[in-house]
Amino acid sequence: MFLWLGIPLLVIVAGVLTALEIFLHRAEPVLRERVIEALSARFDSRVELGAFHVSLVRGFEVSGENLAIYPYNLDSNTPTFSVKSFSFRTFYSNILRRPMEISHVNVAGLHINLPPKSERKELPKLNQNGSGGHGKVDIFVGEIRAADTVLVLGTDKPGKVPLEFDIRGLDLKSVGAGRPLAFTATLVNPKPVGDIHSTGNFGPWDSDDPGSTAVSGKYSFSNANLGTLKGIGGILSSTGHYQGTLDNIVVDGETDTPDFQLSISGHKVPLHTDFHAIVDGSNGDTYLQPVVAHLLHSSFTARGYVVRNQGAPGHDIELNVDMSHANIQDLLLLAVRTYPPIMTGQVRMHTKLDLPPGPQDVAQRLKLQGQFAVVNVYFSNPKIQSKVDELSLRSQGKPNVAKQESRDPNTANIGSSMQGNFNLAQGSLKISHLVYDVPGAAVNLNGTYTLDGKTFDFHGTARLKATVSQMVGGWKGLLLSPVDKFFEKDGAGTEVPIKISGTQSEPHFGLDFGHDKDQQPQKK
């Protein structure tokens, strides 16, 4: 009995399976065309699709391979969007609905290529009946989850390679026509190495001008190892928000690096910045307007740009830096290996910073050119400070006080000031028109100081208020009275050529009568 009942049941099942086979055979090309039509309308593009399969094992499942989207208004043989494989599943009841609703799509190998503006062109709208790229989008996707995504930003500038980002994870929500996409993404930043986590909105897609597509959101960048950039070190974190279009993204954020350092000095200092930047998404160039930085107890403002170099791989950094509230010891601690810093004081400075790309350390590539002024200068090296004190007292005609205070270690030091022009290149600081003022004396110098603290080499003149005899004092001063007239000049009691040479730990001060002749100074 059961056998006779089972035979017709098997016939019915076989009939159903046959019908489903016929249905799938007919549904695949229809659904494939609907997918192509929807994508073509969504992106105003020519769409290519490779393999396409439909399965009824777990509901209505669709998978495809080698999807490529070519917007009509781009002169490029490279698709703007390409996908190695994708899959989605929906209910049977959604198949014939318009729009078809798909809750979730998985994508692997998504490649987004945004060409430069020169490859974009304006095309007239397609026919008015809505066919082709301007037809009605009849598929709505709730979420797209993409793995192994690559974003490439082309550039119009000759010699520059496209800017490429690896996106570890990308989730898109509310993927429908005429509305922005909500996204969550994790980007792999190449240098400094670290992950950038971002959430925001993208779109709606502007098919006539992709660079005008709106984008907004916020980001966080943590545990970025600056040691991957040769010559500097520290662990950086950054947060901020952005808005604008792909071609003009306005970013406001801040960074914290509690252990920032230059390898040439090795000293770790806290660095915090707040910045306002304009990013050109078509080439990755960034314009800083401005950056406000805080280093230890000093602050400064920088304006400029970070652009991709035309010759060497990497970025050119050019900034105009202004310091109005800074301590010279903070800057020296960052840039010079010797410790403690050679001097303390308050500094004002304006400089042009140029940092080209290259394999050398940052300190060897960094170029600075500008003017500075330092007040309330005191030297940390007792040998140097004692020379300054003695110079000031003798220049004021107080040799006896100078002798007495040189024997008293508790004597208060005498402050001084300096100003001049500087040029830093290849780790060597050249200073010109340096005017060093201390009570009773004014010293004009030109020379070189290396950032490793190993070399001092300055030459110039010292103009002193006192005469030679007044500086020496006592019976020796009386004997020197006849020679005063030989050193008096332009209202100065004494004017002599001088030299400062040696190292930070062993400086040498001397008269420099022979500098212009045989380069052999006479030691005082």
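Residues numbered from 1 in each chain as written. Predicted model: local features only at pLDDT ≥ 70, side-chain atom pairs only at ≥ 80, totals over all residues. Heavy atoms only, no water.

Peer 1: Give me the lowdown on the overall build of the protein, citing residues and values where you can.
Peer 2: Scanning the protein from N- to C-terminus turns up eight helices and 28 strands. In the protein, buried positions account for 46% of the 524 residues. Excluding contacts between residues fewer than 6 apart, the proportion of contacts in the protein whose partners are at least 24 apart in sequence is 52%. Surface accessibility of the protein: about 27,600 Å² in total, with carbon and sulfur atoms responsible for 57%. (Helix = DSSP H or I, 4+ residues; strand = E, 2+ residues; numbered from the N terminus. Buried < 20%, exposed > 50% of the residue type's maximum accessible area, 1.4 Å probe, protein only. Contact = heavy atoms within 4.5 Å. Areas by Shrake-Rupley, 256 points an atom, 1.4 Å probe, with all protein chains shown as cover.)

Peer 1: I'd like a rundown of the pairing of strand S12 (residues 214–225), residues and numbers included.
Peer 2: Sheet topology places strand S11 (residues 194–202) next to S12; seven bridges connect them, and they run antiparallel. In the sheet register, Asn-201 faces S12, and the bridge partner there is Ser-216. Two elements, S12 and strand S14 (residues 235–245), share 10 bridges in a ladder whose sense is antiparallel. Residue pairing in the sheet places Gly-217 in a bridge with Tyr-242 of S14. (Pairing = 2+ DSSP bridges.)

Peer 1: Can you tell me about unusual backbone geometry, naming the residues and giving the values?
Peer 2: Across residues other than glycine, the phi torsion is negative in most instances, and most of the peptide bonds are trans. Omega for the peptide link from Gly-203 to Pro-204 comes to 5°, which places this bond in the cis form. If you trace the backbone, Pro-204 turns up in the loop between S11 and S12. A cis amide bond links Gln-289 with the next residue in sequence, Pro-290, at an omega value of -5°. On the secondary structure map, Pro-290 appears in strand S17 (residues 286–295). The backbone of Asn-66 shows a phi angle near 55°, a positive value even though the residue is not glycine. Backbone geometry places Asp-490, a non-glycine residue, at a positive phi of 50°. Structurally, the position occupied by Asp-490 is in the loop between helix H8 (484–487) and strand S26 (494–502). The class for Asp-490 is exposed, based on a relative accessible area of 66%.

Peer 1: Which residues make up helix H4 (residues 382–395), and what values go with them?
Peer 2: Spanning 14 residues, H4 covers 19 Å between terminal C-alpha atoms, matching the ideal 20 Å at 1.5 Å per step. Burial in H4 covers these residues: Ile-384, Gln-385, Val-388, Asp-389, Ser-392, Leu-393, Arg-394 and Ser-395. The opening residue of H4 is Asn-381, an N-cap whose side-chain oxygen sits 2.8 Å from the backbone nitrogen of Lys-383. Positive backbone phi, at 80°, marks Gly-397, one or two positions downstream of H4. (Expected span 1.5 Å × (residues − 1). Polar contact = N/O pair within 3.5 Å; in protein donor to acceptor, adjacent residues only side chain to side chain.)

Peer 1: So, the packing of aromatic side chains: which residues are in play, and what are the values?
Peer 2: Two numbers describe a pair of aromatic rings. These are the distance of the centres and the angle of the planes. Counted under the stated rule, the structure contains three aromatic pairs. Relative to Tyr-305, the ring of Tyr-287 has its centre 6.3 Å away and its plane inclined at 55°; by these criteria the two rings are tilted. Residue Tyr-287 is located in strand S17, and its partner Tyr-305 is located in strand S18 (residues 298–308); the two are separated by 18 residues in the primary sequence. Take Tyr-287: its relative accessible area is 30%, and that puts it in the partly exposed class. For Tyr-305, a relative accessible area of 29% translates into the label partly exposed. Above the ring of Tyr-70, the side-chain terminus of Arg-46 is found at 4.1 Å from the ring centroid. (Phe/Tyr/Trp six-rings, centres within 6.5 Å; stacked < 30°, edge-to-face > 60°. Lys NZ or Arg CZ within 6 Å of the ring centre and 35° of its normal.)

Peer 1: Would you mind going over the pattern of salt bridges in detail, with residue names and values included?
Peer 2: Pairs can form between side chains of opposite charge whenever their charged atoms are close. Across all of its chains, the model carries eight salt bridges by this definition. The partner of Arg-145 in a salt bridge is Asp-171, and the shortest N-O contact between them spans 3.1 Å. Taken as a pair, Arg-145 in strand S8 (residues 139–153) and Asp-171 in strand S9 (residues 163–175) lie far apart in primary sequence, 26 residues in all. Arg-145 gets classed as partly exposed once you look at its relative accessible area, which sits at 42%. Overlapping salt bridges bring together Glu-143, Arg-145 and Asp-171 as one network. (Salt bridge = Lys/Arg side-chain N within 4 Å of Asp/Glu carboxyl O.)

Peer 1: How would you explain the environment of Asn-113 if you had to name every residue and give the values?
Peer 2: Relative to the elements of secondary structure, Asn-113 occurs in strand S7 (residues 111–114). Distance from Asn-113 to Gly-154, taken between C-alpha atoms, is 7.5 Å for residues 41 residues apart in sequence.

Peer 1: Break down helix H2 (residues 328–335) for me, citing the residues and quoting the values.
Peer 2: Extensive coverage of H2 is indicated by the burial of six of its eight residues. For H2, the complete set of buried residues consists of Ile-328, Asp-330, Leu-331, Leu-332, Leu-333 and Leu-334.

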